[in-house]
Amino acid sequence: MTEKGDKKKLHDYMAKRINSVKTEAFEFSEVVKKKPRERNPYEAETRDFFVEDDPYANKSPSKSSGGRLNVAPDGIVIMNSKGIVEYVNPMFLKIFGYKNDEAVGHSVATMMTYKTQRSGEIDFYQLLSLVNAGGVYRDVHGIRKNGDCFPIHLSIGEMKLGNENKYVGVAHDISERRAYEEEMNKIRDGMNKAQALAHVGHWDLDLHSNAITWSDELFNILGLDKATTKPTLSAIVESSAPEDKTPLLDAIKGVIHTRKSNCLEYKIIRPDLGKRMANAFIELFYDSHQVPARVIGAVQDITDLKEAEDKLTVAYKVFHDSVEGIMITDQETIMQYVNPAFTSITGFCSEEAVGQKTGILKSHYHDSEFYKGMWKEIVLNGKWQGEVWNRHKDGAAYPAWLSITSVTGARGETKNYIGVFHNITDIDKGSAQTKYNQYHDALTGLPNMILFRDRFERASSVAIRNKEELSVVTFRIDDFDDINNEHGFRTGDLVLKGVAEIAKESVRKSETAARTGICEFKLLLNETGDHQGYKIVSDRITERLKTPLELEGQSLAVNVSFAISKFPSEGDDSVIMLKRASEDFPG
């Protein structure tokens, strides 16, 4: 129940108690009217009628009004218009720590501060003016005899007792309730902070009342204003991307129907147009009779995690596909990871290298002073690079260019070392290889667009001079992005290599097959007489691809689409023709 509901329930209870006290006091008034007046004309009668000599006597309820007041569970006080106490019941004395004669005849102001959270300090006469306006129901501070201040809920009403106006107060010690509320507020605050740190919000649906509550963090995750947004199940579903609305709603309904927990990943579209990724966890809870009572859902914002995963994927691809050897060690220089290029350069496979110290790569070309100087610079600057002589697995020494970088933790301590190196044995002999790399695709080995354009320029000049025809066949792999997304970049690379090999085998030696785009290939074909080379080659490639490619243990069907351009019958400008060859591609 909400705090507002709790207070209303308590107010109703106190009002009922005051009415009861009024009734009992009226019954009492007929007795005390006949007694002689004293300094405090009602004190003796009140004591005799309501309590015995021992104000704490635990008397059983009787048919008399006094008996009922004596055993009332709340503190009851009757005051005159000046706030002088004329009667208190045993529970009142117990709550405030007074004896009967210490309370009766004294001002009630010494026992209460009338200090409220909203109104601040008010005096007794202000309180009575509120009573005269219709009664008082509020939390105030009481003061015990020993000086302790404690919270009470006070209800005061006016009544006619004899010819005088009297005020009846009902005091309920709410110390335990306040302590419970404070503890619950601490727990709630702790939960809100924990959810904010973990980016997890939750919602709670009561299946009996259909009422739903949200945590503060859920408002933050969905980008909704807590002050203006009414928590509903439909609001959660509507905050998702259009394609995720039905799956999310089905997941929630599925928990109720199948009585099994559910989870799914979906997109959130925030009002500020921000897109977030989230994980939803949904579970059904039962009451004591094992009847479904509540559905609780947790929504975790995983946008940052997904971005981190994407970065790790890119980092892994760089690590795995790098042509340079990479090794990652712990702080003791014991190798933890090595990439394929490491194996290619050193001869040590991953199983042989991981768990070993980098010392297995050392040759005898360097003395201890060399390595002391290397590690001194790494400690001082966090990195070192230079030429070293390493040892191959077969024992042969080779020169390598090595870069070492230290990786530090949050406290500045060294956690890892990363070494990147390449063999520079043939660096002086590499001009031919460098030239080859400039004009060829690194992945497939086919000519790249630079070399294809050069060959087309040469062939087009010959074709014009000899009045011959050339064909440029452009073909692309269909749905290549889907292949990468579904099977991974490694499989995508294998597909490109497989298609490149088919293209290379489908043309004559005098013709050219090139990779000119991410998933685009071009064929330069010589057309002589009625020889329709473009049709023969395209049919040959199509036929070959009817058989799925075998890629490291998995079979994958690949489709391609073709576009044909002819030179010079469709234009004698070679630059424009090559441009059209891609622009006119279908789709």
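Residues numbered from 1 in each chain as written. Predicted model: local features only at pLDDT ≥ 70, side-chain atom pairs only at ≥ 80, totals over all residues. Heavy atoms only, no water.

Peer 1: Describe the overall build of the protein, listing the residues and the values that go with them.
Peer 2: Looking only at helices and strands, the protein features 20 helices and 23 strands. A buried classification covers 39% of the 587 residues belonging to the protein. For the protein, the proportion of contacts with a sequence separation of at least 24, taken over those separated by at least 6, is 49%. Surface summary for the protein: the accessible area is close to 33600 Å², and the carbon and sulfur share equals 52%. (Helix = DSSP H or I, 4+ residues; strand = E, 2+ residues; numbered from the N terminus. Buried < 20%, exposed > 50% of the residue type's maximum accessible area, 1.4 Å probe, protein only. Contact = heavy atoms within 4.5 Å. Areas by Shrake-Rupley, 256 points an atom, 1.4 Å probe, with all protein chains shown as cover.)

Peer 1: Quick one: what's the story with the packing of aromatic side chains, residue by residue and with numbers?
Peer 2: In this structure the tally under the stated criterion is ten aromatic pairs. The rings of Phe92, Phe96 and Phe150 are connected pair by pair, giving a single aromatic cluster. Above the face of the Phe150 ring, Arg144 is positioned so that its terminal group lies 3.8 Å from the ring centre. When the ring centre of Tyr371 is taken as origin, the NZ or CZ atom of Lys362, which lies over that ring, is 4.3 Å away. (Phe/Tyr/Trp six-rings, centres within 6.5 Å; stacked < 30°, edge-to-face > 60°. Lys NZ or Arg CZ within 6 Å of the ring centre and 35° of its normal.)

Peer 1: I'd love a proper account of the sheet that holds strand S11 (residues 275–286), names of residues and values included.
Peer 2: Ordered by their spatial adjacency, five strands build an open sheet running S9-S8-S12-S11-S10, and the pairing between neighbours is antiparallel. Strands at the two margins of the open sheet, each flanked by one partner only, are strand S9 (212–214) and strand S10 (262–269). Neighbour to neighbour, the strand axes of the sheet diverge by 20° on average, direction disregarded. Where helix H10 (residues 242–258) meets the sheet, its contacts fall on strand S8 (200–206), S10, S11 and strand S12 (292–301), and the angle it forms with S10 comes to roughly 150°. Sitting on the sheet, helix H11 (residues 303–321) touches S10, S11 and S12, and the angle it makes with S11 is about 125°. (Pairing = 2+ DSSP bridges. Axes fitted to C-alpha atoms, helices over the stretch in contact; angles between N-to-C directions.)

Peer 1: Explain the sheet that holds strand S20 (residues 520–527) residue by residue, including any values.
Peer 2: As summarised here, the arrangement of the four strands in space is S19-S20-S18-S23, forming an open sheet in which the pairing is antiparallel. This sheet does not close on itself; its edge strands, each paired only once, are strand S19 (512–515) and strand S23 (560–567). Each adjacent strand pair in this sheet contributes to an overall mean axis angle of 20°, direction not counted. By the bridge criterion, eight bridges tie strand S18 (residues 469–477) to S23 in an arrangement that is antiparallel. Bridged to Arg476 within S23 is Ser561. Relative to the sheet, helix H19 (residues 533–544) contacts S18, S20 and S23, its axis offset from that of S20 by approximately 140°.

Peer 1: Residues and numbers for unusual backbone geometry, please.
Peer 2: In the segment running from Phe567 into Pro568, the intervening peptide bond is cis, with an omega of 0°. Tracing the backbone shows Pro568 in the loop between S23 and helix H20 (574–583). Here Arg259, not a glycine, exhibits a phi torsion of approximately 60°, which is positive. With respect to the helices and strands, the residue Arg259 is situated in the loop between H10 and S10. Judged by its relative accessible area of 46%, Arg259 is partly exposed.

Peer 1: I'd love a proper account of the pattern of salt bridges, names of residues and values included.
Peer 2: For side chains bearing opposite charge, pairing can occur when the charged atoms are close. Taken as a whole and assessed by the stated rule, the structure comprises 24 salt bridges. For Arg276, the salt bridge identified is with Asp301, shortest N-O distance 3.0 Å. Highlighted residues: Arg276 in strand S11 and Asp301 in strand S12, separated in sequence by 25 residues. A relative accessible area of 24% places Arg276 in the partly exposed class. A salt bridge links Lys306 to Glu309, with the shortest nitrogen-to-oxygen separation between them at 3.7 Å. Residue Lys306 and its partner Glu309 are both found in helix H11; the two are separated by three residues, about one turn of the helix. You can call Lys306 partly exposed: its relative accessible area is 24%. In the salt-bridge network here, residues are joined through shared partners; they are Glu265, Lys306 and Glu309. (Salt bridge = Lys/Arg side-chain N within 4 Å of Asp/Glu carboxyl O.)

Peer 1: Explain the nonpolar core to me, using residue names and the numbers behind them.
Peer 2: Counting residues in each nonpolar core, the largest one holds 28 residues, and the members touching the most others are Ile477, Val495 and Leu523. Mapped onto this core, the elements with two or more residues apiece are S18, helix H17 (480–487), helix H18 (489–506), S20, H19 and strand S21 (549–551). For Val495, the residues in contact, after removing those within four places along its chain, are Ile477, Phe480, Ile483, Leu549, Leu551, Leu556 and Val558. Counting residues in each nonpolar core, the second largest holds 24 residues, with Leu205, Leu222, Val255 and Val299 among its members. (Core = buried A, V, L, I, M, F, W, Y, C linked by side-chain atoms within 4.5 Å.)

Peer 1: Outline the environment of Asp454, supporting the account with residue identities and numerical values.
Peer 2: As for its placement among the helices and strands, Asp454 is situated in helix H16 (residues 449–466). Here Asp454 falls in the partly exposed class, since its relative accessible area comes to 35%. For Asp454 and Tyr439, which are 15 residues apart along the polypeptide, the C-alpha to C-alpha distance reads 9.9 Å. A polar contact is formed between the side chain of Asp454 and the side chain of Arg458, at a distance of 3.1 Å. (Polar contact = N/O pair within 3.5 Å; in protein donor to acceptor, adjacent residues only side chain to side chain.)

Peer 1: Give me the lowdown on the side chain of Thr512, citing residues and values where you can.
Peer 2: Relative to the helices and strands, Thr512 is located in strand S19. Residue classification places Thr512 among the buried residues on the basis of a relative accessible area of 5%. In this structure the side chain of Thr512 is engaged in a polar contact, spanning 3.3 Å, whose partner is the side chain of Arg455. Among all residues touching Thr512, those that are not within four sequence positions of it are Pro447, Phe452, Arg455, Lys522, Leu523 and Leu524.

Function cannot be read off these values alone, since they describe shape.
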